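Residue-level structural notes
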Amino acid sequence: MGSGLVFGEIVQQIVNGLALGSIYALIALGYTMVYGIIRLINFAHGEIFMLGAYYGFFLITKFRVPFYFALPLAMALASLTGMTIERLVYKPLRRAPRIAALITAIGMSLFLQNLGLKLFEARPRPYPRVIRTVVWDVGGVIISNTQLIMLGTAIGLMLLLSYIVYRTKVGKAMRAVSFDKDAARLMGIDVDSIISVTFALGSALAAAGGILVGFYYNRIAPTMGVMYGLKAFVSAVVGGIGIVPGAMLGGMIMGVAEVFVIAWVSSMLKDAIAFAILIVILLVKPAGLLGRAVREKV
């Protein structure tokens, strides 16, 4: 294989990896935001991703809602779901030991997964084709309009989240609560409302990721949140959990690494590579690529 062909193949895999990594990044943002605010690893977040995909599916197929309206509607429904779970399940455990909240999150994940199997049936469903796929050959690199829409939507949502977090009063309040809840409360910030907003934003991004996966891969299933959720969690840890840019970076690294392994090593190792990267990063930089090690009082 000539050097030109090898270079073209590398660029092709990077394009494919960024498209996949944008999905991991969207889901990872939910993990990292919730952890940054209340120090909870919300393992049910992968199931919110799954529910978002099904919300979009039913809006498009049953209610004939166009894709570009179904996307924000499904994100809104997922936000309501995330806020409801936070209020009913996690809020009563706010002052409980962390292990209690963690086990509850695992239980919530299993509950939603089994509820999905009961309501939506175990068989995968074909996602409706909402747009005709157009493919371009750019110097030997194949790029499709679905890849561009997926990548563009994900990047647009990440930029919007960055604007909210770093440029708005709500974002400033979120950062204050993340830094010190008691001090934020003394400053007049409604901490409970900010936590709900955090769950709403994270759930909306996860739902967008679920719809984009259905849109791109044309297939959804009630168990789809398990592996996507795990890899997104790994992405958040690799980037530095609790740090918004870290989740984006971790997601992109995970997506690119996965498609390179599929293309040049073995598709059987596509899931293993995520955990191999996690182990290596934690050995070299335990707080993640963008994280800083801090001492905790015990």
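For the structure, see preceding data.
Residues numbered from 1 in each chain as written. Predicted model: local features only at pLDDT ≥ 70, side-chain atom pairs only at ≥ 80, totals over all residues. Heavy atoms only, no water.

Considering the overall build of the chain
Of regular secondary structure, the chain possesses 11 helices and four strands. The globule rule puts the C-alpha radius of gyration for 298 residues at 19 Å, and the 19 Å found for the chain is close to it. Summarising its shape, the C-alpha atoms of the chain cover approximately 65 × 50 × 35 Å along the three principal directions. Scored against the burial criterion, the 298 residues of the chain give a buried share of 48%. If you sum the accessible surface of the chain, you get close to 14,900 Å²; carbon and sulfur atoms cover 68% of it. Separation of charge centres in the chain, based on 26 positive and 12 negative side chains, amounts to 4 Å. (Helix = DSSP H or I, 4+ residues; strand = E, 2+ residues; numbered from the N terminus. Rg over C-alpha atoms; globule rule 2.2 N^0.38 Å. Buried < 20%, exposed > 50% of the residue type's maximum accessible area, 1.4 Å probe, protein only. Areas by Shrake-Rupley, 256 points an atom, 1.4 Å probe, with all protein chains shown as cover. Lys, Arg positive; Asp, Glu negative; His and termini not counted. Charge placed at Lys NZ, Arg CZ, Asp CG, Glu CD.)

Some thoughts on the environment of V261
Structurally, V261 can be placed in helix 10 (residues 244-264). Along the chain, V261 and Q13 lie 248 residues apart, while their C-alpha atoms are 9.8 Å from each other. Among residues more than four places away in sequence, those in contact with V261 are S266, L269, K270 and I273. (Contact = heavy atoms within 4.5 Å.)

Looking at the side chain of E86
Along the chain, E86 falls in helix 3 (residues 67-90). What E86 contacts, discounting residues up to four positions off in sequence, is K91, R94, I195, S196 and F199.

Observations regarding the packing of helix 6 (residues 169-179) against helix 8 (residues 191-217)
At a minimum axis distance of 10 Å, the contact between helix 6 and helix 8 shows a crossing angle of 110 degrees. By the angle class used here, helix 6 and helix 8 are roughly perpendicular. Across the interface between the two elements, V170, A173, M174 and V177 from helix 6 touch V191, I194, V197, T198 and L201 from helix 8. Class assignment of the residues belonging to the contact of helix 6 with helix 8 gives a composition of eight nonpolar, one polar and no charged. (Axes fitted to C-alpha atoms, helices over the stretch in contact; angles between N-to-C directions. Parallel < 35°, antiparallel > 145°, perpendicular 65-115°, else oblique. Nonpolar A, V, L, I, M, F, W, Y, C, P; charged D, E, K, R; others polar.)

Digging into the pattern of salt bridges
Counted according to the given criterion, the structure contains eight salt bridges. Between E86 and R94 there is a salt bridge, with its nearest N and O atoms 2.5 Å apart. For E86, a relative accessible area of 1% corresponds to the buried category. Its salt-bridge partner being K91, residue D192 comes within 3.7 Å of it at the nearest N-O pair. Of this pair, D192 sits in helix 8 while K91 sits in the loop between helix 3 and helix 4 (98-120), placing them 101 residues apart in sequence. (Salt bridge = Lys/Arg side-chain N within 4 Å of Asp/Glu carboxyl O.)

Some remarks on the pairing of strand 3 (residues 141-144)
Across four bridges, the pairing between strand 2 (residues 135-138) and strand 3 is antiparallel. Across the sheet, V138 pairs through a bridge with V141, a residue of strand 3. Hairpin connection of strand 2 to strand 3: two residues between the antiparallel strands, including G139 at a positive phi of 60 degrees. (Pairing = 2+ DSSP bridges.)

Side note on the packing of aromatic side chains
Under the counting rule described, the total for this entry stands at 15 aromatic pairs. Each ring, one from Y216 and one from Y217, has its centre 4.8 Å from the other, and the planes form 85 degrees; the classification is edge-to-face. On the basis of relative accessible area, Y217 is assigned to the partly exposed category, the value being 37%. (Phe/Tyr/Trp six-rings, centres within 6.5 Å; stacked < 30°, edge-to-face > 60°.)

Examining the side chain of R125
Its location among the elements puts R125 in strand 1 (residues 125-126). One buried charge, R125, has no salt-bridge partner; the nearest side chain with opposite charge is E121, at 4.5 Å. Discounting residues that sit within four places of it in the chain, R125 has contacts with Y54, F57, F120, N218, R219 and I220.

Digging into a nonpolar patch on the surface
A cluster of nonpolar side chains, namely W264, V265, M268 and L269, defines an oily patch on the protein surface of about 470 Å² accessible area. For V265, a relative accessible area of 58% translates into the label exposed. (Patch = residues over 30% accessible without salt bridge, like charges linked within 9 Å, V, L, I, M, F, W, Y side chains within 5 Å.)

A look at helix 6
For helix 6, every residue scored as buried is listed here: G171, A173, M174 and V177. Buried residues of helix 6 fall within an arc of 160 degrees about the axis and therefore sit on the same side. Every exposed residue of helix 6 that faces more than 90 degrees away from the buried side is listed here: K169, K172 and F179. (Arc of directions from axis to C-beta.)

Describing the packing of helix 3 against helix 8
Two elements in contact, helix 3 and helix 8, have axes separated by 7 Å at closest approach and are oriented at 135 degrees. Judged on the interaxial angle alone, helix 8 and helix 3 are oblique. The two elements helix 3 and helix 8 cross, and the hand of that crossing is right-handed. Contacts between helix 3 and helix 8 involve F67, A70, L71, A74, M75, A78, S79, G82, M83, E86, R87 and Y90 from the former and D192, S193, I195, S196, F199, A200, S203, A204, A207, A208, I211 and F215 from the latter. (Left-handed = near helix turned anticlockwise from the far one by under 90°.)

Take it as geometry only, folks, not as evidence of what the structure does.
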